[in-house]
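Tertiary structure, described
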Amino acid sequence: MANLQLREAIRAAMVEEMERDERIFLIGEEVAEYNGAYKVSEGMLDQFGAKRVIDTPISENGFAGLGVGAAMNGLRPIVEFMTFNFSFVAIDQIINNAAKIRYMSGGQFGVPIVFRGPNGAAGQLAATHNTSTESIYATIPGLKVVAPSNPDDAKGLLKSAIRDDDPVVFLESEVMYGMRGEVSDEADYIIPLGKARIARQGKDVTIVAHSKSYHLAMKAADALVEQGFDPEVIDPRTIRPLDMDSIVESIRKTNRCVIIDESNPFASISSEIAFQIQQHAFDHLDAPIIRITAKDTPAPYAKNLMEFYMPQVSDAVEACRQVMYAN
């Protein structure tokens, strides 16, 4: 095992895959000369050269479209957005082209491309830099959506995403780039897409949370253990395809569920998970599902308002106690 920052684990995945397959290249704003806006691609220009690590103008629609075209013609691009809020400038390329070309061409064209970069809230960045985009992209058939919560998952899942023959939206977290964790040093470490991780075994309540909400879930679980409860925590890791089998199996054991999701509440990932739980495990529920989400408003700038806007550990603990009828 190696102790790596999240940014280092992501870099390791890209480097290993680019060494393995010369068709892979990285493109985006500041990925080359500046070593990446968050230093994720540090050293990659020196290693692979300017034909495979490519700086672009501030033109998301342009370089995303270039990536789609390259993928259709046999290359395997990794397209970095400085933030997934900026991916909205390229949303036509992602949703109408990357996601649909295989279907619309009757399988004549594949689009093996990864769109990656930081997603969701990252402190006081105000409304246009705080969107959690997973529910937007997960609603589109043809796209796979991945949101890792730790360096080990980030490496294994990104290697799988790069090898996938369909377009993958790979959502990272800016505030987690410096987070350290043990990462497998297996020669070819792969985590398959669509398989959740049971982070903590328990019997009293199931907490489902992805990306940095997972860390909030684990803190809530620790607080509940101190209060005498035994929570189970599930990290979906992949939003689409979603491993509902693991979640349903947990509900059949605990009979209660709280979902933590920093998306805005309407039509969120938590909405879909809650629906599928009642579809597949309704008879096993002993209490209504509770969702902990961001508030239903654009993100504020003020620090105190931002803390109120985002899910908090205390919210999750209270929700778990509520579904366990412990209040």
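Below, the structure is looked at part by part. Computed from a prediction, not measured in an experiment: that's the story for all the values here.

1. So, helix H1 (residues 6–20)
With 15 residues, H1 ought to run about 21 Å at 1.5 Å a step, and its terminal C-alpha atoms sit 21 Å apart, in line with that. Within H1, eleven of the 15 residues are buried, which leaves it mostly tucked inside the rest of the structure. Burial in H1 covers these residues: Leu 6, Arg 7, Ala 9, Ile 10, Arg 11, Ala 12, Ala 13, Met 14, Val 15, Glu 17 and Met 18.

2. Quick word on the pairing of strand S5 (residues 114–118)
Within S5, five of the five residues are buried, which leaves the element mostly enclosed by the surrounding structure. Two elements, strand S4 (residues 76–80) and S5, share three bridges in a ladder whose sense is parallel. The residue of S5 that forms the bridge with Glu 80 is Arg 116.

3. Section: empty space enclosed by the protein
Applying the stated rule across the entire model yields two cavities of 30 Å³ or more. Of the pockets and cavities examined, the largest cavity occupies roughly 40 Å³. Considering the residues around the largest cavity, the lining is formed by Asn 119, Gly 120, Glu 134, His 210, Ser 211, Lys 212, Ser 213 and Glu 262. The class makeup of the residues in the lining of the largest cavity is no nonpolar, five polar and three charged. Looking at the lining of the largest cavity, you find at least three residues from each of domain 1 (2–183) and domain 2 (197–323). Along the walls of the second largest cavity sit Ala 121, Asn 130, Thr 131, Ser 132, Glu 262, Ser 263, Asn 264, Tyr 309 and Met 310, which together make up its complete lining. Across the lining of the second largest cavity, the residue classes break down as three nonpolar, five polar and one charged. Here the lining of the second largest cavity spans two domains, since at least three of its residues come from each of domain 1 (2–183) and domain 2 (197–323).

4. Re a negative patch on the surface
On the surface, a cluster of negative charge is made up of Glu 30, Glu 33, Asp 46 and Asp 55. Residue position: Asp 55 is located in strand S3 (residues 53–55). With a relative accessible area of 33%, Asp 55 lands in the partly exposed category.

5. Examining the pairing of strand S10 (residues 205–209)
With five of its five residues buried, S10 lies for the most part within the structure. Burial along S10 is two-sided: Val 205, Ile 207 and Ala 209 facing one way and Thr 206 and Val 208 facing the other are all buried. Pairing geometry for S10 and strand S11 (residues 231–235), over four bridges, is parallel. Bridged to Val 208 within S11 is Ile 234. Each parallel crossover has a hand, and for S10 linked through helix H8 (residues 213–226) to S11 it is right-handed. Where S10 meets strand S13 (residues 257–261), four bridges bridge the pair, whose relative direction is parallel. What sits directly across from Ile 207, in S13, is Val 258.

6. Points about helix H4 (residues 91–98)
Those residues of H4 that sit buried are Gln 93, Ile 94, Ile 95 and Ala 98. Structurally, H4 contributes buried residues whose contacts are with helix H3 (60–72), helix H5 (101–104), S5 and helix H6 (134–138).

7. Details of the side chain of Ser 87
Mapped onto the elements of the fold, Ser 87 is located in the loop between S4 and H4. A relative accessible area of 0% means that Ser 87 is categorised as buried. Dropping the residues within four chain positions of it, Ser 87 is found in contact with Phe 81, Ile 94 and Tyr 137.

8. What to know about the pattern of salt bridges
Overall, the coordinates contain 24 salt bridges when judged by the stated rule. Here Lys 155 and Glu 16 are joined by a salt bridge, their closest N and O atoms 2.8 Å apart. Pair noted here: Lys 155 is in helix H7 (residues 151–163) and Glu 16 is in helix H1, with a separation of 139 residues, a long-range link. The partly exposed category is assigned to Glu 16, whose relative accessible area is 22%. Residues Glu 17 and Arg 163 are paired through a salt bridge, measuring 2.9 Å at the closest nitrogen-oxygen approach. Taken together, the residues Glu 17 in helix H1 and Arg 163 in helix H7 connect sequence positions 146 residues apart. Note on Glu 17: relative accessible area 0%, which makes it buried.

The rules we used
Residues numbered from 1 in each chain as written. Predicted model: local features only at pLDDT ≥ 70, side-chain atom pairs only at ≥ 80, totals over all residues. Heavy atoms only, no water. Helix = DSSP H or I, 4+ residues; strand = E, 2+ residues; numbered from the N terminus. Expected span 1.5 Å × (residues − 1). Buried < 20%, exposed > 50% of the residue type's maximum accessible area, 1.4 Å probe, protein only. Pairing = 2+ DSSP bridges. 1 Å grid on protein atoms, 1.4 Å probe; cavity = no way out; pocket = protein on both sides within 12 Å on 5 of 7 lines; lining within 4 Å. Points joined across faces, edges and corners; volume = space filled by probe spheres on them. Nonpolar A, V, L, I, M, F, W, Y, C, P; charged D, E, K, R; others polar. Domains from an automatic or database assignment. Patch = residues over 30% accessible without salt bridge, like charges linked within 9 Å, V, L, I, M, F, W, Y side chains within 5 Å. Areas by Shrake-Rupley, 256 points an atom, 1.4 Å probe, with all protein chains shown as cover. Salt bridge = Lys/Arg side-chain N within 4 Å of Asp/Glu carboxyl O. Lys, Arg positive; Asp, Glu negative; His and termini not counted. Charge placed at Lys NZ, Arg CZ, Asp CG, Glu CD. Right-handed = clockwise from strand over helix to strand, strands pointing away. Contact = heavy atoms within 4.5 Å.

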